[in-house]
Amino acid sequence: MKINNHFNLQPYNTFGIQVYANTFTAINTIEELAETVYELIPQYKQHLILGGGSNILFTKNFDGLVIKNNLKGITIEREDEQHIYVKANAGENWHELVMFCIENNFAGVENLSLIPGCVGAAPMQNIGAYGVELKDVFYCLEAYDIYNKTLVTFNKADCKFGYRESVFKHTHKNKFIITGITLQLNKIPQFKTAYGAIEQELAKMNITELSIKAIANAVMNIRQSKLPNPVQIGNAGSFFKNPIVENAVYHQIKANYPTVPGYKEGENHTKIPAAWLIEQCGFKGYRVNDAGCHHLQPLVLVNYGKATGEEIFALSEKIIDTVYKKFTIFLEREVNIY
Ligand code: FAD
Ligand code: NAP
């Protein structure tokens, strides 16, 4: 197993922040994982499991052990009348897994096309887009329990999935290395096109017969048209979660801002797009040195080149303060801060 000291993490985070890990190693097999857990982790005061680094902001050097999860492999486990069960190891690229499903006509993940990062991180925040969340197709996951040194299985209920949430961001944080997940995919697709601009895009593409491939292509087109590509401009996608407020709070805002968008969340709550709140505060296209708020999608904070993690973090603080002063709504960060 290769161990690197004073390791540059810039190519390993999509914000492109130049910070160094005290020590870095990659795990390619379960044996290497066990060796890391038994021998390496106990030597460090902290560790970090890294996938594609697309949901992370480093604000300083990482004084500990960074473990890049490279466990590969996709297998079709079994099928029943309605479903196909596909297992993917944690180091697989999420979008490549989606493409594998689409090529094989396994339905359920098409709306989750083009989300960066690795399979192992998908349960962390129950990734979601265009009206579908991982939990909708999730069957179970396997994870290595770092402290009890055993491989354990979590079913859907164990993961306590919520809106960009799971048990792995809270009580189980840093205690498990997710090694693989099993998806329960549909043989007969249930198309979800009502969300965002999917229907408009399908019409623009002249799609007359709906398919999971057409939906995936529509989602990819929309995403490419409005989201900055991290290869060109450093970013980690949406920096904040969309706040879910009581209906009364939403109606109060609507009285002063009749155009405020809102989506019902159950009977008593409404989700307000954080992007709208941020734009109302004048941050769309805002920039301080190389840290900025994207000019097309203000929910995405960007690194135009040489921004430090501290600068991006300071901008996020400023946005949180300003939104709070104007709307009395507290924006919560979605990106993991280290
Ligand atoms: P990382 O950033 O490497 O890690 C994220 C967290 O998970 C860290 O805390 C890490 O320690 C932990 N972790 C990673 N792997 C493991 C493992 N195997 N075991 C235990 N812990 C682990 N997210 C969405 O939900 N929906 C979107 O539509 C979306 N669009 C995006 C668009 C862009 C342009 C970008 C840059 C990001 C977007 N994201 C989106 C955020 C991000 O892509 C996802 O959250 C993704 O799942 C992160 O995967 P990763 O492998 O890069 O995770
Ligand atoms: P959008 O379509 O412009 O919509 C703005 C917001 O309104 C979204 O955040 C979405 O909430 C909500 N929304 C739109 N239509 C809705 C509906 N029919 N019902 C309920 N809520 C609705 O959003 P966008 O920025 O282009 O993103 C499109 C999708 O990709 C969203 O689902 C978004 O979450 C996802 N995405 C996520 C990230 C990330 O890093 N997490 C980055 C880029 C895109 P939700 O966000 O709750 O879906």
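As a reminder, the structure under discussion sits directly above these lines.
As the structure is a prediction and not an experimental result, all values here were calculated from the model. (Residues numbered from 1 in each chain as written. Chains lettered and ligands numbered in written order. Predicted model: local features only at pLDDT ≥ 70, side-chain atom pairs only at ≥ 80, totals over all residues. Heavy atoms only, no water.)

### Details of the site of ligand 2
Around ligand 2 sit 18 residues in total, of which Arg 164, Tyr 195, Lys 271, Gln 297 and Glu 334 are the nearest. The side chain of Lys 271 places a nitrogen or oxygen atom 2.7 Å from an oxygen atom of ligand 2. Contact between ligand 2 and Gln 297: an oxygen atom at 2.6 Å from a side-chain N or O atom of the residue. Its free accessible area being 790 Å², ligand 2 has 81% of it covered by the protein chains. Residue classes in the shell around ligand 2 are distributed as 7 nonpolar, 6 polar and 5 charged. (Near = heavy atom within 4 Å. Polar contact = N/O pair within 3.5 Å; in protein donor to acceptor, adjacent residues only side chain to side chain. Areas by Shrake-Rupley, 256 points an atom, 1.4 Å probe, with all protein chains shown as cover. Nonpolar A, V, L, I, M, F, W, Y, C, P; charged D, E, K, R; others polar.)

### Side note on the layout of surface pockets
In this approach a probe as big as a water molecule rolls over the atoms, and the regions it shows empty are the leftover space. In this model, the second largest pocket occupies a volume close to 170 Å³. In this structure, the second largest pocket is lined by 13 residues; those nearest its centre are Gly 108, Val 137, Asn 186, Gln 190 and Lys 192. In the lining of the second largest pocket, the residues fall into 4 nonpolar, 6 polar and 3 charged. (1 Å grid on protein atoms, 1.4 Å probe; cavity = no way out; pocket = protein on both sides within 12 Å on 5 of 7 lines; lining within 4 Å. Points joined across faces, edges and corners; volume = space filled by probe spheres on them.)

### As for the sheet that holds strand β18 (residues 291-293)
Hydrogen bonds along the backbone pair up the strands of a sheet, which may run parallel or antiparallel. Sheet architecture is open: 4 strands sit in the order β13-β19-β18-β17, paired in antiparallel fashion. Both edges of this open sheet fall to β13 (234-238) and β17 (287-288), since each of them pairs with a single strand only. For β17 and β18, the ladder comprises 2 bridges, and the chain directions are antiparallel. Note that in β18 the partner of Val 288 across the bridge is Ala 291. (Pairing = 2+ DSSP bridges. Helix = DSSP H or I, 4+ residues; strand = E, 2+ residues; numbered from the N terminus.)

Just geometry here; none of it tells us what the structure is for.
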